[in-house]
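# A structural walkthrough
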Amino acid sequence: MTVRHIEFEYLHNFRDLGGYRSTDGRTVIPGALYRSDSLGKLRGADWDRFLALGIRTVIDLRYPWEADAKGRVPEPHRFTYANLSIEHRPYDQAQIDPDIDPWRYLADRFAEVTEDGVEEIRQAIELIADAEPGPTVFHCTSGKDRTGLIAAFVLTLLDVPEEEILADFALTELATERLAADWHTANPGRTMRWPAYGRAPATIMELVLADLRARHGSPTAYLTDHVGITPETVTRLRARLLTP
């Protein structure tokens, strides 16, 4: 089984998207595209390990105020760095009402992102397709929702089967305990209302993709017709990330 999580001390959800197979039999190249929780946590041995990966492009999907408060990747001048906030309506997951259906609630927040963040979603995918030679990483705070959405869209454009896209989203569950512990450390004195904080069951992404089918015909049609991802961008993305 492919091991996707790369171990860091302070990062909990840093993963390699390599190894997934497209329907034409090609494979996503290992070490070409990574997804992560906040790179503002990098320091010490973690920073050395990160630099050893040879990453050249960093896409930060957080709000600018989040990056200002929590820190960007260290020494951003080393990289092609872009802050593309795909989410436009902030909400506090720790305060989700425990009596509502959390997976439907989160899928509805994803739906807001897919409508509000069209420009930033397009820019992020185009940057992944057109980045300078070397690996790329994209991240948000926990590497779960905003990061999970961009990962699902890239894998969709690479023609990776949906069951693999759902499985990739759910791998955040391996980091849930540490993500929740980080929240408690960062929020002393606050009470977490939602007991499922940091969870990422495949059901959420399954609902998101079903919503896109209902509204746009398919996730691919959403990306091409609504977001504006061109056939040329898809060709460059596949040439960059798939084995010959």
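Scope of this entry: the structure provided in the associated data block.

Definitions and limits used
Throughout, a residue's number is its position along its own chain's written sequence, starting from 1. Reporting in this predicted model follows two pLDDT cut-offs: at least 70 for local features of residues, and 80 or more for side-chain atom pairs to be given and counted; totals over whole chains, interfaces and linings ignore these cut-offs and use all residues. For side-chain calculations, the full set of non-hydrogen atoms in the structure is used, while hydrogens and water are omitted. DSSP-based pairing: two strands are paired if at least 2 bridges between them are found. Per the convention used, a helix needs a DSSP run of H or I reaching at least four residues, while a strand needs a run of E reaching at least two, with both numbered from the N terminus. The rule is simple: take the accessible area with a 1.4 Å probe, protein chains only, and divide by the maximum for that residue type; under 20% is buried, over 50% is exposed, in between is partly exposed. One side-chain nitrogen of Lys or Arg within 4 Å of one carboxyl oxygen of Asp or Glu is enough to make a salt bridge.

### Describing the sheet that holds strand 4 (residues 80-83)
- The strand order 1-2-5-3-4 describes an open sheet built from five strands, whose pairing is mixed. Two strands lie at the open edges of the sheet, namely strand 1 (15-16) and strand 4, each paired on one side alone.
- Pairing of strand 1 with strand 2 (residues 33-36), which is carried by two bridges, proceeds in the antiparallel orientation. Bridge pairing links Asp16 to Tyr34 in strand 2.

### A short note on the pairing of strand 2
- Neither face of strand 2 is open: one carries Leu33 and Arg35, the other Tyr34 and Ser36, and all of them are buried.
- Bridge count between strand 2 and strand 5 (residues 136-139): four bridges; the pairing is parallel. The residue of strand 5 that forms the bridge with Leu33 is Thr136.

### Quick notes on the pattern of salt bridges
- Per the stated rule, a full pass over the model turns up 24 salt bridges.
- One salt bridge connects Asp24 with Arg26, and the closest N-O pair in it is separated by 3.1 Å.
- Classification of Asp24 as partly exposed rests on a relative accessible area of 48%.
- A salt bridge links Asp145 to Lys144, with the shortest nitrogen-to-oxygen separation between them at 2.9 Å. Side by side, Asp145 and Lys144 carry an identical accessibility label, which is buried.
- Here the residues in one salt-bridge network are Arg89, Arg109, Glu112 and Asp116, joined through shared partners.

This is a description of form; function is not addressed.
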